Every structure is written in structure tokens, then in C-alpha cells.
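Here is what each chain is made of, one letter per residue.
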Amino acid sequence: MLNHMIHVPVSILCFTANFLLIREIHVANVASTGFCQPPTSAGGQQHESHGDLRSLSSSLFIIILHFLYEIMAVHGPVVKIHPVVLASIVDSYERRNEGATRVIGTLLGTTDKHSVEVTNCFSVPHNESEDEVAVDMEFAKNMYELHKKVSPSEVIIGWYATGYDITEHSVLIHEYYSREAPNPIHLTVDTALQSNKMNIRAYVSSQMGVPGKTVGVMFTPLTVKYVYYDTERIGVELLQRTRASPSRTNGLTTDLAQVASAAGRVQEMLTTVLSYIEDILSGKVMADNSVGRFLMDLVNKVPKITAEDFESMLNSNINDLLMVTYLANLTQAQIALNEKLVVL
Amino acid sequence: MAVLSTDRLIFSLSDNLEIEACTYKYSPESRLKHMGKHKPGINICLRSSDNQWSVVLKIIKHYQEEGQGSEVVQGVLLGLVVEDRLEITNCFPFPQHTEDDVDFDEVQYQMEMMRSLRHVNIDHLHVGWYQSTYYGSFVSRALLDSQFSYQHAIEESVVLIYDPIKTAQGSLCLKAYRLTPKLMEICKEKDFSPEGLKKACIGYEHMFEEVPIVIKNSHLINVLLLDLQEKSTVADKHELLNLSSSNHLEKSLQLLMDRMDDMSQDIGKYNTYCRNLSKQQQQKQQYLQRRQQENAQRQSRGEPPLPEEDISKMFKPPQAPARMDTLLIAGQINNYCQNIKEFTSQNLGKLFMAEALQGHNS
């Protein structure tokens, strides 16, 4: 956030300059490629001459778009994504057909007034070549019906594509999806890791251009947030921990080991806090009042109970647990005995 | 809650990519052709060069959205068998049971799903199924039947049990079970009498064998995880260190008590059966003795002995109660006890931690 704040004044100039540039490029682009119509044969000849212009303009367009993504305030709904969606997208990307550079699919979820929550997705087979794109609509419809049987509250809210750019084909596909859902979301997941990160972005389309003459479509970016159910978060945490060894992780650590590792994590956090405090005391770091207040909260959270009360509470709890353990063991012995007696 | 019952079992043969719905009359040869001859898998790997993390997340999500309360959510696991590992690469959920047209829908749904998934290069071979559980109570007749039919058709199939309540307490609880070969034989013969079980010498601990699970991630997923870690601002909630345990303990103990009641009823029935049997034996003995005495008397008097009557017709042995339920109940109780013990040991640890924390203060 801070970074963004700093960049804003510097970049407003660039922004306004680029805005003019965008308009010009868009007009040229629209004229040469026809965003909303597939290239006709008459325009085929134009393709040759405008080829360079088109590639230049599209690359510029992309650059500007990504630049805008960093600084622009976002209109439109907030997109909340569950990690299961991303996992499925990566999975379908890894399973794509030979020769396909990217994968597309439908996003399912729920919409709200101000946000769109993406909870599920499935991939749709499609073929993409230089001038045309074919998407298996039938398949998409079928899958949606099947998914609806399981979770009837999910609706189509958009579509996703892997890859860095938004191509002209995307526009066509987006058009198809706007027939299925009002104001569909387009999600891109950069699996080619072009900027050393997996950029996950969401867009919503809006009309732009010169009304009456050539109209185009612009994809405006949206904020993306990650939402987890509690249990999802625990699942994700487990996997984060095993990121170190990319091969194995056991889902089942023994009971006490889990508590031990959780305690270990708390201990780590405490050591970090302690070292920070020591730094402040020795003057290396400036003391921050807000952090200090948090620390005071932390220390006061340990409840102040008189020693005897605490002792008695602790003992009664321990006794409960021990009794339950004893009963459980007794039960197990009992059924084992029963088993043997029957067999006699 | 009828689960996937035997006559709705579906599996697919890979070579011709056919999908067949079949009942018990399946063709073992064709299945073998695909699977090849190999030893049954003893190790499950939620594998990923293809990502299995998605399976875990999908199961979690399915429960979260559809199965609140004590309802059970189920679904199908898809994957491959590779050497001695069972790799699960995908899954899809089953719709909840509605009142209308359940049978037709289920079969149709499964077939459609698998056909569609085939189109996008997802492994569409059935390798098992998953189910959510409520406080660990999944050892039931329905589960046994379903797992038996699955395992009958596909040798390596497993059932993944997902415990959402335990997971919500701090750590993912996902276990995979298969039926032991002994139990498979017994189910095949359907001989649940005491003699049958005695012959197979099967105990409640030998009903299910747990298969260790391993989760593998691809590198792309690691990148994704890195990204998520940076961007997601959800703070750790540390539920694992929560001290309030009484709720969970109460419910577990309640369930345990219910099972024990069932168990004691069952034992009572068995006892009455034994008693009846022994009484009958006694009666038989007495009858035979009386017969012999009479015969001796008659002989002494010179009359022909009474004809031998068919004793077995007179004293019909009482019906031996089926022992399968007992076995299941015992298994369930065992499971509950295990869970309770795990839970209490964790809690003891946490209590000692709290003591240490308090000790510093005072």
C-alpha cells in the first residue's frame, strides 16, 4: 500500500500521457483488427500492412494495462478467490493438450452487490489458432448442469485463462460468456511465470471507443482477494509447511507432535517479538507507540488468576482428561476381552 | 443414508475408453487387462506432478458448502495405480440425496462427469470414494458394503475419510482405509455367523487397514503457494492451541455411550442365544437319556425298542445371531476410543503449556 501511495503522484503524469496514447492506439487497433468482428477477407490485405502496427499496439496496450493495474483505483466488484479454484486452474494447465499454449475454463461462484466470490471452476476444451478460436460450448453447458446438481447455489460468473496477455480471442470468448452471465469476470493466471511470479488478475469488460463508428472492448482490472474457509486455511497451511520438500508431506502427524509444532511456532513468534524489544531497549530501533500498545495487550492477555485458583482449575481439568483416558482404555480392553470370549 | 450401493457401481476400462455401469456381474478379465497384474497397492499417494492439493481442497470445500450438521457428504476419487502406489489425482462430489429419482440421476451423473473429465485429460478412472464423518463415526454397515463393492471391482480402491470437525480444530484430518483381505473374504461368502467369523479369526482391529497418505505438489503449485502466502493477509488463528475442549469431549463421549449401549444389547442377544443353545443341548441329552432308559426297560420286558426319532427335527437349534454388527460396533468403539485418547493427550499438553505461561506471571 505504501508503495502505491508513493507512486501515485509520480505516475499521474504518465497516466494522463498514456491515456491519450491509449485512445489513439485503440482506435488504430480497432481499425486494423476489429475487436468485435472476426477479420473479414476484405480486411485480410490490411492485415499485412497493419501487422506491425497491430503487434506494436497490442504490446504497448499490454504494458500499459499492467502498469495501470498497479496504480489505478479499481471500479467494479472485488473478486474473492478461493484457493481451490487456483489449484484446479494450475492442474488443468498441467494437463493441457499437446500444442495448446493456454487453457480456458468457466468460473462458478456467487455474486454480491460489491463482490464476486469464486468458489469453483472447471476447464473447457478449446482450440486456438492464429485467426480463430473454437470453444466447446456444449461441454461447458453440460458441466455446468452437472455442477449445479451438487451445489445449486453456484452460478457462472465468468471465465479464466492461463497466460499473460489478453488476446483478441479473449474478447470473443468473453462475449460468449457475457451471454451466460451478466457482467462476467475474466481471470488470468500467469502460469508461464513471465515476471517471476504467478500473477493472478481479474478483469471486467467495458465498452469503449468511438460510439457509432468502431466500438471496442476494454478490460478493466479489479482487485483480487483471497478468501478461505477456516478448514481451507488449515489445509493450505499444511501445504505451505511442506513447501520446503517438494515431494513429500505426511498429512498425519501424531497428535502430540502437532501440539509441539504449534507451540514451536508460537515460540518463534515470541522470540521475534523479544528480539524486537531488545533492539528497542538497546536503541537500535525507534520505539513505535502502536506496537508498544499491542505488546501491552499481549502481556495483559494472560489472565491474572491467583495461584491457588489456577492450581485447582488446572488440576480439575487434568483429572477430567485423565479419567476420560482411563475410561477409553478400559473400554478398549473390554471389547478386546469380549472378542476373545466370543471366539472361545 | 444409503451410499453408493452395489448395483450402482460404475467403473471404466481404459483401453477403449468405455464407461460401463455394471452390477456384480462384472468381467474380471477386462479389468485385469487394464490394471495389469500387480500386487495390491499398500501405499497411497495423493500424488502430484499433477496436483493433489486440489483434491484435498475440493473435499474440504464440498463439506463446507453442502454438508453442515451431521450430514455426510460423499464423492468419487479418480486417479491411477502406479506400481505400488495409488495416486489420486482428482475428485468430484456427489449431489445430496433428494427424494426424486435418485437412482437414475446418480448413475447418469457419474457417467456424464467421467466422460466430460476425459475430454480435459483428467484421469477418469475410479479409484475410490471419499466421505466426511461426524466425530469419527464412520464404521457402519453402509460404508462396509460400499467399500466392499468398490474393492471387489477395483482391488486397490480406498475410502478417504475426512473429519471436518477435527480439521477445524487445527490440523487436517484425512485418513484412507481399505478392507483387509480377511474381511473381503468374509463379505464375499456372506457368512456372518459366529462359526464363520471364528474360522476366519478376524477381530475388530483387523477390519480396516489404514493406508498412509502422502501429498505431493508440483513446482507450479509451489509457486502458487508462495504467491498466496505473500498476498493473503489472513492471520493464523492457531486453533490448535485452543484450550476449550469440553464441548468436543462431551460429544465424543456421548457417541461412545450410544455405541456402548448398542454393544451391550448385542452382547445380551448373544448371551441369550448361548444360553438357549446350552439349554437345548441339555434338553437333548435328557431326552436321549430317557430314551435309553425306556429302551432298556422295554428290552427287559421283551418289547421292541421305540423307534429312533429324528432328534434334530425335534430340537431345532436356535438361529445364531449375525456377528457382523458386533464387529462393526466394536470397531466403531475402538475408533472412538482412539480419537478420545488422541484428543486428551493433546489437551494435556496444552494444559501444561498454560501452566508454564501462568507460572511465569505469578
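Residues numbered from 1 in each chain as written. Chains lettered and ligands numbered in written order. Predicted model: local features only at pLDDT ≥ 70, side-chain atom pairs only at ≥ 80, totals over all residues. Heavy atoms only, no water.

- The name given to chain B in an unreviewed UniProt entry is Eukaryotic translation initiation factor 3 subunit H, with the source organism recorded as Cyprinus carpio carpio.
- As its UniProt record puts it under Subunit (unreviewed entry), chain B is described as follows: "Component of the eukaryotic translation initiation factor 3 (eIF-3) complex, which is composed of 13 subunits: EIF3A, EIF3B, EIF3C, EIF3D, EIF3E, EIF3F, EIF3G, EIF3H, EIF3I, EIF3J, EIF3K, EIF3L and EIF3M."
- Recorded in UniProt under Subcellular location (unreviewed entry), the annotation for chain B is "Cytoplasm". (UniProt positions renumbered as here; feature names shortened; annotations may be inferred.)

- As named in an unreviewed UniProt entry, chain A is Eukaryotic translation initiation factor 3 subunit F, taken from Cyprinus carpio carpio.
- In its Subunit (unreviewed entry) section, the UniProt entry covering chain A states "Component of the eukaryotic translation initiation factor 3 (eIF-3) complex, which is composed of 13 subunits: EIF3A, EIF3B, EIF3C, EIF3D, EIF3E, EIF3F, EIF3G, EIF3H, EIF3I, EIF3J, EIF3K, EIF3L and EIF3M."
- According to its UniProt record, chain A has this under Sequence similarities (unreviewed entry): "Belongs to the eIF-3 subunit F family."

1. Notes on the overall build of chain B
Piece 1. The number of helices and strands found in chain B is 11 helices and 9 strands.
Piece 2. Buried positions account for 51% of the 362 residues belonging to chain B.
Piece 3. Across chain B, contacts joining residues at least 24 apart in sequence account for 74% of those joining residues at least 6 apart.
Piece 4. Looking at chain B as shown, the accessible area adds up to about 17,400 Å², and 51% of this sits on carbon and sulfur atoms. (Helix = DSSP H or I, 4+ residues; strand = E, 2+ residues; numbered from the N terminus. Buried < 20%, exposed > 50% of the residue type's maximum accessible area, 1.4 Å probe, protein only. Contact = heavy atoms within 4.5 Å. Areas by Shrake-Rupley, 256 points an atom, 1.4 Å probe, with all protein chains shown as cover.)

2. Considering the environment of A:Lys141
Residue and element names in this part refer to chain A.
Piece 1. On the secondary structure map, lysine 141 appears in helix H4 (residues 137–150).
Piece 2. Under the relative-accessibility criterion, lysine 141 is labelled partly exposed at 46%.
Piece 3. For the pair formed by lysine 141 and valine 124, sequence separation is 17 residues and the distance between their alpha carbons is 9.8 Å.
Piece 4. Sequence-distant contacts of lysine 141, defined by excluding residues within four places in its chain, comprise Tyr176 and Glu180.

3. Digging into the confidence of the model for chain A
Piece 1. With 69% of its residues at a pLDDT of at least 70, chain A reaches an overall mean of 72.
Piece 2. Low pLDDT (under 50) marks residues 1–50 of chain A, which in the prediction has 37 contacts with non-local residues, meaning those over four places away or in another chain. (pLDDT = per-residue confidence, 0-100.)

4. Re helix H3 (residues 83–94) of chain A
Residues and elements named next belong to chain A.
Piece 1. Here H3 spans 17 Å end to end across 12 residues, near enough to the 16 Å set by a 1.5 Å rise per residue.
Piece 2. Most of H3 is tucked away, with 11 of its 12 residues classed as buried.
Piece 3. All buried positions along H3 are accounted for by Pro83, Val84, Val85, Leu86, Ala87, Ser88, Ile89, Val90, Asp91, Ser92 and Tyr93. (Expected span 1.5 Å × (residues − 1).)

5. Here we look at empty space enclosed by the protein
Piece 1. What the rule picks out here adds up to 9 cavities of 30 Å³ or more.
Piece 2. For the largest cavity, the calculated volume is near 360 Å³.
Piece 3. Lining the largest cavity are 28 residues, with A:Asn120, A:Cys121, A:His147, B:Lys58 and B:Cys91 sitting closest to its centre.
Piece 4. Contributing elements (two or more residues each) for the lining of the largest cavity: H3, strand S3 (115–124) and H4 of chain A together with helix H2 (53–66), strand S5 (85–93) and helix H3 (102–119) of chain B.
Piece 5. Across the lining of the largest cavity, the residue classes break down as 14 nonpolar, 9 polar and 5 charged. (1 Å grid on protein atoms, 1.4 Å probe; cavity = no way out; pocket = protein on both sides within 12 Å on 5 of 7 lines; lining within 4 Å. Points joined across faces, edges and corners; volume = space filled by probe spheres on them. Nonpolar A, V, L, I, M, F, W, Y, C, P; charged D, E, K, R; others polar.)

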